[in-house]
Amino acid sequence: MASKDETVKKKMMLEVVNPYEVFFEGRVERIVIPTLDGQYGIMPGHAPLVIAVTPGIATFEADGEKKSFALSEGFAEVGQHVVVLVCNAAEWPSEIDEERAKSALERATERYNSVTSTEEQRLYARHAIKRAKARITVAAEWKKKKKDHPYS
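Residues numbered from 1 in each chain as written. Predicted model: local features only at pLDDT ≥ 70, side-chain atom pairs only at ≥ 80, totals over all residues. Heavy atoms only, no water.

Asks: Is there a simple way to explain the packing of aromatic side chains in this structure?
Replies: Each aromatic ring pair is characterised by the separation of its centres together with the angle its planes make. The full count for this structure, using the stated rule, is 7 aromatic pairs. Judged by centre distance (6.3 Å) and plane angle (65 degrees), the ring pair of Phe 60 and Trp 92 falls under edge-to-face. In this pair, Phe 60 sits in strand S6 (residues 56-62) while Trp 92 sits in the loop between strand S10 (90-91) and helix H2 (98-113), placing the two residues 32 residues apart along the sequence. Relative accessible area serves as the criterion here: at 1%, Phe 60 is assigned to the buried category. (Phe/Tyr/Trp six-rings, centres within 6.5 Å; stacked < 30°, edge-to-face > 60°. Helix = DSSP H or I, 4+ residues; strand = E, 2+ residues; numbered from the N terminus. Buried < 20%, exposed > 50% of the residue type's maximum accessible area, 1.4 Å probe, protein only.)

Laid out in structure tokens, this is it:
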């Protein structure tokens with residue numbers, strides 16, 4: 001007979017904060033975050049570390065439900081049973097204005113390609129491009145899911 005610990009999925013605490021709010025706080029089975037080295041998956045019992053987070057899409061699973069959100073640069077502090085994700089901004093797909101994100105992508109691309117841009121300006125523009133692409137992608141995926149499953 002399986003013990004209670006084996007029948008219940010292991011969870012860890014996830015806290016996502018930005019300068020304005022606690023964006024999310026809850027128990028999750030796993031989270032995947034965008035980092036400098038690519039997508040990084042974290043599960044309960046992970047070795048402690050601090051890792052840089054880049055603009056992109058973070059995905060977590062809570063109670064068997066997969067949720068995604070767009071986030072900007074920041075860092076994650078990982079412990080065995082807790083992940084604290086600190087970022088400049090985080091948005092649920094339902095909160096994203098796709099047209100505004102597309103305009104931001106166009107402006108950032110123009111700044112990046114401008115011959116008068118300094119290296120520092122190009123770096124900021126590159127982050128803005130990543131952030132805008134993540135916002136567009138997560139909003140489009142949410143819209144498609146909502147269209148395919150209107151009552152879920």
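Asks: Where do I start with the pattern of salt bridges in this structure?
Replies: Side chains that differ in charge, positive against negative, can pair when their charged atoms come close. Counted by the stated rule, this structure contains 5 salt bridges. Across the pair Lys 11 and Glu 29 runs a salt bridge, and its minimum N-O distance is 3.8 Å. With Lys 11 in the loop between helix H1 (4-7) and strand S1 (12-18) and Glu 29 in the loop between strand S2 (21-28) and strand S3 (30-35), the pair connects residues that are 18 residues apart, well separated along the chain. On the basis of relative accessible area, Lys 11 is assigned to the partly exposed category, the value being 24%. Here Glu 91 makes a salt bridge to Arg 135, at a shortest N to O gap of 2.5 Å. Of this pair, Glu 91 sits in strand S10 while Arg 135 is found in helix H3 (residues 119-148), placing the two residues 44 residues apart along the sequence. (Salt bridge = Lys/Arg side-chain N within 4 Å of Asp/Glu carboxyl O.)

Asks: Help me understand the pairing of strand S4 (residues 38-42) in this model?
Replies: Residues in a regular strand point their side chains to alternate faces of the sheet. The sheet contact formed by S3 and S4 spans 5 bridges and is antiparallel. Paired with Ile 31 across the two strands is Ile 42, which belongs to S4. What sits between S3 and S4 in their antiparallel hairpin is a turn of 2 residues. (Pairing = 2+ DSSP bridges.)

Asks: Before we go on, may I ask you to explain the side chain of Glu 29 in this structure?
Replies: Accessibility expressed as a relative area gives 4% for Glu 29, which makes it buried. For Glu 29, the side chain forms a polar contact with the main-chain nitrogen of Asp 63, separated by 3.1 Å. Every residue in contact with Glu 29, bar those within four places of it in the chain, is listed here: Lys 9, Lys 10, Lys 11, Met 12, Met 43, Pro 44, Glu 61, Ala 62, Asp 63 and Gly 64. (Polar contact = N/O pair within 3.5 Å; in protein donor to acceptor, adjacent residues only side chain to side chain. Contact = heavy atoms within 4.5 Å.)

That is the geometry; function is a separate question.
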